[in-house]
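# Examination of the molecular architecture
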Amino acid sequence: MAAGSPEALAAMEMILRQLQSPDNAVRNAAERAFNNAKNQPGPCILALSTLATKSEDRVVKDMGAVLLRRSAPELWGSTDATSKAIVKDQLFQGIRAEPSQDPRRKLCDTLSAIACTGTDSSSNNDLNDLLPLLFELSKSPNAHDRESSLYIFAQLTDLLSEKLQPHLAAFYEIFKRGLLDPDINVQVEALRATCAVFSTFESQACQQLAELIPLFMGPVSATLNAQDEAAARLCLDSLIESLENEAKCWRKYLAKVSELMLSIAASADLEEGTRQLGMEFLVAAAENL
């Protein structure tokens, strides 16, 4: 069956629907069919990517993205170069076209997983293909694009820190621009991406980003002012983790940051979980500095 053919897409769509059936027999049959489909890595990967990015059925679209991400470690190395190129382009374009955050992030997770899959040689190629696209997204006039680029940077940093260190100077500019972005979601992802570097890179590399720490207060304050405490807690969690991993980078800026954390911990207007994280940051600072 030809890769990307209508027959391949129809067969894969049927499998995705049946995998969600409440009938165990139907589900088991679909699992067997999917395992058989994986015997042809190129057509399988391409069908999943096409459905994940182009299906008009949200359930099929989401399931396609999830199965593609889960199957990539097994299938990507055996997939032909043409199919790989098509899949990466489909995912990139799908991210740009998807207006809703949750499904867009499923595609981002999938693209990140692909960049981190395979042998050192093939993953280097996939990463080298992806980075220019992310740099392009980070400068887009569309806030969703900028948010997605930073979200993917954070995923890659967790998985490929050694391979990303040569690009740190470019990351500094992207992260700084993101932290100062007028869109709150972009600010939050910039903070999380920068903190991911502090949590995974070597100390010498982290020192190059230390000057960005004062800008971390922007996303924290912005999310609290917008009464988006869930996003504020994401920021605070990231700050605590980065402080615990690279305390030396924080010493110069601790007084100003601690002032904000004290106000968060003492605020009766905030939820208990948010106040608790403000206190946890202060405890982490006392223990690590």
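Here the structure is shown first, and the text comes after it.
All of the points below concern the structure found in this document.

Rules of the game
Residues numbered from 1 in each chain as written. Predicted model: local features only at pLDDT ≥ 70, side-chain atom pairs only at ≥ 80, totals over all residues. Heavy atoms only, no water. Helix = DSSP H or I, 4+ residues; strand = E, 2+ residues; numbered from the N terminus. Phe/Tyr/Trp six-rings, centres within 6.5 Å; stacked < 30°, edge-to-face > 60°. Buried < 20%, exposed > 50% of the residue type's maximum accessible area, 1.4 Å probe, protein only. Salt bridge = Lys/Arg side-chain N within 4 Å of Asp/Glu carboxyl O. Axes fitted to C-alpha atoms, helices over the stretch in contact; angles between N-to-C directions. Parallel < 35°, antiparallel > 145°, perpendicular 65-115°, else oblique. Contact = heavy atoms within 4.5 Å. Nonpolar A, V, L, I, M, F, W, Y, C, P; charged D, E, K, R; others polar. Expected span 1.5 Å × (residues − 1). Arc of directions from axis to C-beta. Polar contact = N/O pair within 3.5 Å; in protein donor to acceptor, adjacent residues only side chain to side chain. Patch = residues over 30% accessible without salt bridge, like charges linked within 9 Å, V, L, I, M, F, W, Y side chains within 5 Å. Areas by Shrake-Rupley, 256 points an atom, 1.4 Å probe, with all protein chains shown as cover. Lys, Arg positive; Asp, Glu negative; His and termini not counted. Charge placed at Lys NZ, Arg CZ, Asp CG, Glu CD.

A positive phi is found at Gln227, a non-glycine position, where the angle reads about 60°. With respect to the secondary-structure elements, Gln227 resides in the loop between helix 13 (217–225) and helix 14 (229–245).

All told, the structure shown has eight aromatic pairs when counted by the stated rule. Centroid distance Phe153 to Phe175: 6.2 Å. Interplanar angle 85°. Geometry classified as edge-to-face. A residue pair is termed long-range when its members are at least 10 positions apart, and Phe153 in helix 8 (residues 143–159) and Phe175 in helix 10 (residues 168–179) qualify at 22 residues. There is no split in this pair, since Phe153 and Phe175 are both buried.

All told, the structure shown has 16 salt bridges when counted by the stated rule. Among the ionic pairs, Lys38 bridges to Glu74, the shortest N-O distance being 3.1 Å. Of this pair, Lys38 sits in the loop between helix 2 (24–37) and helix 3 (41–54) while Glu74 sits in helix 4 (residues 58–75), and the two are 36 residues apart along the sequence. Since its relative accessible area comes to 16%, Lys38 is described here as buried. Put simply, Glu136 and Arg96 hold a salt bridge, and the shortest N to O gap is 3.1 Å. Residue Glu136 is located in helix 7 (residues 120–138), and its partner Arg96 is located in helix 5 (residues 81–97); the two are separated by 40 residues in the primary sequence.

Contact pair helix 14 / helix 17 (residues 272–288): the axes reach a minimum separation of 10 Å and the direction vectors enclose 10°. One way to sum up the angle between helix 14 and helix 17 is to call them roughly parallel. Where helix 14 abuts helix 17, its residues Glu229, Arg233, Leu236, Asp237, Leu239, Ile240, Leu243 and Glu244 lie against Gly273, Thr274, Leu277, Gly278, Glu280, Phe281, Ala284, Ala285 and Asn288. Across the contact of helix 14 with helix 17, the residue classes tally to eight nonpolar, four polar and five charged.

Let us now look at helix 16 (residues 254–266). For helix 16, which comprises 13 residues, the first-to-last C-alpha distance of 18 Å matches the rise-based estimate of 18 Å (1.5 Å per residue) to within 8%. The complete set of buried residues in helix 16 reads Leu254, Val257, Ser258, Leu260, Met261, Ile264 and Ala265. Mapping the buried residues of helix 16 onto a view down its axis gives an arc of 160°, with all of them on the same face. Pointing more than 90 degrees away from the buried face of helix 16 are the exposed residues Ala255, Lys256, Glu259 and Ala266. Against helix 13, helix 14, helix 15 (247–250) and helix 17 lie the buried residues of helix 16.

Each pair of packed helices can be summarised by the angle the axes make with each other and by the distance between the axes. At a closest axis distance of 9 Å, the pairing of helix 1 (residues 6–18) and helix 3 adopts a crossing angle of 70°. Overall, the two elements helix 1 and helix 3 adopt an arrangement that is roughly perpendicular. When helix 1 is examined against helix 3, the residues Ala8, Leu9, Met12, Glu13 and Leu16 are found in contact with a partner set consisting of Cys44, Ala47, Leu48, Thr50 and Leu51. A class-by-class count of the residues in the contact of helix 1 with helix 3 yields eight nonpolar, one polar and one charged.

All right, on to the environment of Gln20 then. Note that Gln20 resides in the loop between helix 1 and helix 2. Classification of Gln20 by relative accessible area gives partly exposed; the value is 40%. Residues Gln20 and Val60 lie 40 residues apart in sequence; the distance between their C-alpha atoms is 9.8 Å. Not counting chain neighbours up to four residues away, the residues in contact with Gln20 comprise Arg27, Val59 and Met63.

Along the chain, Thr79 turns up in the loop between helix 4 and helix 5. Within the structure, Thr79 has its side chain in polar contact with the backbone oxygen of Leu75 (distance 2.8 Å). Apart from the residues within four sequence positions on either side, Thr79 is in contact with Pro41, Gly42, Ile45 and Lys84.

With that settled, the discussion passes to the environment of Gln227. The class of Gln227 is exposed, set by a relative accessible area of 71%. Separated by 43 residues in sequence, Gln227 and Leu270 place their C-alpha atoms 8.8 Å apart.

Before going further, it helps to examine a negative patch on the surface. Together, Asp237, Glu241, Glu244, Glu280 and Glu287 give the surface a local cluster of negative charge. Looking at the negative patch, the elements that each hand over two or more residues are helix 14 and helix 17. Residue contributions to the negative patch peak at three residues, all from helix 14. The class of Glu287 is exposed, set by a relative accessible area of 63%.

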